[in-house]
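Each chain, letter by letter, is given below.
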Amino acid sequence: MIIRFHLKFSGSFDPYNNRWILIGICLVKTQYLTGLLFGLLFYASAVAEPMLWVTEPFHPYSYKENSKVAGPFAEIVQAACDRLKVECTMEIMPWRRALYMAEEGQASGLFGVAKTPEREKSFFLSDPILETAYSFFALDSTRFRYQKIQDLNGYTIGVYGPSATSRALQNSAQGQPVNIVIEVTNLTALKKLIGGRYGDNALVLINREVGLSLAKEEKITNLKLAGDLQPIVYVIGLSRKKVSERQARLFNDAIKELIKEGKVKTILNKHGMRPARLTQQQKSG
């Protein structure tokens, strides 16, 4: 910001008679610089307050390792906190408790969050972090392959819920002759599927990476991926009740820089995950 003063004098300039003009100019400049200094201090302190982040046990995205929250989201959030020089702590807990704490402003933010209009009501959402899908899993002895919603007619589908996954299934299958069974965990749904508890025409809908991770951990070998219901984009959410719009913008700017520099991609590649595709604005920026 540049302040220019245009002064017109008649005759010669008399330093004594015009001393008040000079004093006024000095006062204006001093006040501007003081205001600028306080503005910069406020800007710097906008994100200086320690932040508490919460998440659920959601392997391979978030999990406990050596008594600490680990996984790609934890690493990305910590990288953003380091860039902003903000002290950040992370806690892992059941999803409903984590969501409640973040929605009510008892925590600064929540990760990973499916990018939905519902989540935007309670959170400032970051730029897209990674892409995956809600995928159908079937017994490998079946010939089922999902291509369109009518393929689900007559099937029983186990799904963890209430969750974004179960809501996606309910919205997609509305009006179709489909039996949806809400389970307390993803693993419960998978075990019921392989145990024949859902009958012959049976599927499970689950986040693709979560399903593959659970099958590997539990040594389940008779499952196959049978198609994707819809893609998912995961983001980081900052609580609207805890974090100001300015703070959220600063945090998201840090995430943008990490994406632009390729650091987010490096973290996700290490975990065998795919980063979200860059928007045209991100590519040009």
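To be clear, the structure that these remarks concern was listed above.
Let me sum up the structure you'll find in this document. Just so it is clear, the structure is predicted and the values come from calculations on it, not from any experiment.

**Let's talk about the overall build of the chain**
Check the secondary structure of the chain and you find ten helices and twelve strands. For the chain, the proportion of its 285 residues judged to be buried stands at 45%. Of the contacts formed within the chain by residues at least 6 apart in sequence, a portion of 76% connects residues at least 24 apart. A total accessible area of about 16,300 Å² is found for the chain, and carbon and sulfur atoms account for 53% of it.

**Points about the environment of glutamine 230**
Checked against the element boundaries, glutamine 230 lands in strand β11 (residues 223-239). Beyond its immediate chain neighbours, meaning those up to four positions away, glutamine 230 contacts Ala133, Tyr134, Ala168 and Ser172.

**What to know about the packing of helix α2 (residues 72-84) against helix α9 (residues 263-270)**
Running from N to C, α2 and α9 cross one another at 155°; their axes reach a closest spacing of 9 Å. What the angle tells us is that α2 and α9 run roughly antiparallel. Judged by the twist between their axes, the crossing of α2 over α9 is right-handed. Here α2 contributes Pro72, Glu75, Ile76 and Arg83 to the contact with α9, which in turn contributes Lys263, Val264, Ile267, Leu268 and Lys270. Across the contact of α2 with α9, the residue classes tally to five nonpolar, no polar and four charged.

**Examining the pairing of strand β10 (residues 202-207)**
Of all the six residues making up β10, six are buried; the element is thus mostly covered by neighbouring parts of the structure. In the sheet, strand β7 (residues 130-139) pairs with β10 via four bridges, with the strands oriented antiparallel. Pairing of tyrosine 134 across the sheet is with asparagine 207, part of β10. Direction of pairing for strand β8 (residues 156-160) relative to β10: parallel, over a ladder of four bridges.

**Here we look at the packing of aromatic side chains**
According to the stated counting rule, one finds ten aromatic pairs in the structure shown. Seen in terms of ring centroids, phenylalanine 73 and tyrosine 234 are 6.4 Å apart; in terms of plane orientation they differ by 90°. Their pairing is edge-to-face. Taken together, the residues span a long stretch of sequence, with phenylalanine 73 in helix α2 and tyrosine 234 in strand β11 at a distance of 161 residues. For the residue pair phenylalanine 73 and tyrosine 234, the accessibility class agrees, reading buried in each case. Residues phenylalanine 144 and tyrosine 155 carry aromatic rings whose centres are separated by 4.9 Å and whose planes lie at 55° to one another, so their mutual orientation is tilted. One end of the pair, phenylalanine 144, is in the loop between β7 and β8; the other, tyrosine 155, is in the loop between β7 and β8, with eleven residues separating them in the sequence. Accessibility assignment for this pair places phenylalanine 144 and tyrosine 155 in one class, buried.

**A closer look at the side chain of serine 62**
When you line up the elements, serine 62 lands in the loop between β1 (51-55) and β2 (63-65). Assessed through its relative accessible area of 1%, serine 62 is described here as buried. Polar contacts involving the side chain of serine 62 include one to the side chain of threonine 55, which spans 3.3 Å. Each residue touching serine 62, except ones within four places of it in the same chain, is listed here: Thr55, Glu56, Pro57, Ala70, Phe73, Ile92 and Phe111.

**A word on the pattern of salt bridges**
Evaluation of the coordinates by the stated rule reveals eleven salt bridges. Across the pair arginine 83 and glutamate 261 runs a salt bridge whose closest N-O atoms are separated by 2.8 Å. Highlighted residues: arginine 83 in helix α2 and glutamate 261 in the loop between α8 (245-260) and α9, separated in sequence by 178 residues. A salt bridge links glutamate 118 to arginine 167; the shortest N-O distance between them is 3.4 Å. Of this pair, glutamate 118 sits in helix α4 (residues 117-120) while arginine 167 sits in helix α5 (residues 164-172), and the two are 49 residues apart along the sequence.

**A closer look at the nonpolar core**
Generally speaking, a soluble globular protein has its nonpolar side chains buried in company with each other. Trp53, Phe136, Leu152, Ile236 and Phe251 are the most contacted members of the largest nonpolar core, which totals 67 residues. Core analysis: the next-biggest nonpolar cluster, separate from the first, contains 15 residues, Val54, Leu99, Leu125 and Tyr160 among them.

**Side note on the state of the cysteines**
Structurally, a disulfide amounts to a covalent bond that connects the sulfur atoms of two cysteines. For the coordinates displayed, the defined rule picks out one disulfide. Disulfide pairing places cysteine 81 opposite cysteine 88 at an S-S distance of 2.1 Å. Looking down the S-S bond of the cysteine 81 and cysteine 88 bridge, the torsion is -85°, so its handedness is left-handed. As far as the burial class goes, cysteine 81 and cysteine 88 line up, both buried.

**Here we look at α9**
Each α-helix turn comprises 3.6 residues. Residues three or four places apart therefore point the same way. Regarding α9, the residues found buried are Val264, Ile267 and Leu268. Seen along its axis, α9 keeps its buried residues to an arc of 95°; they face one direction. Pointing more than 90 degrees away from the buried face of α9 are the exposed residues Thr266 and Lys270. Two residues or fewer after α9 comes glycine 272, characterised by a positive phi angle close to 70°.

Rules used throughout
Residues numbered from 1 in each chain as written. Predicted model: local features only at pLDDT ≥ 70, side-chain atom pairs only at ≥ 80, totals over all residues. Heavy atoms only, no water. Helix = DSSP H or I, 4+ residues; strand = E, 2+ residues; numbered from the N terminus. Buried < 20%, exposed > 50% of the residue type's maximum accessible area, 1.4 Å probe, protein only. Contact = heavy atoms within 4.5 Å. Areas by Shrake-Rupley, 256 points an atom, 1.4 Å probe, with all protein chains shown as cover. Axes fitted to C-alpha atoms, helices over the stretch in contact; angles between N-to-C directions. Parallel < 35°, antiparallel > 145°, perpendicular 65-115°, else oblique. Left-handed = near helix turned anticlockwise from the far one by under 90°. Nonpolar A, V, L, I, M, F, W, Y, C, P; charged D, E, K, R; others polar. Pairing = 2+ DSSP bridges. Phe/Tyr/Trp six-rings, centres within 6.5 Å; stacked < 30°, edge-to-face > 60°. Polar contact = N/O pair within 3.5 Å; in protein donor to acceptor, adjacent residues only side chain to side chain. Salt bridge = Lys/Arg side-chain N within 4 Å of Asp/Glu carboxyl O. Core = buried A, V, L, I, M, F, W, Y, C linked by side-chain atoms within 4.5 Å. Disulfide = S-S within 2.5 Å. Arc of directions from axis to C-beta.

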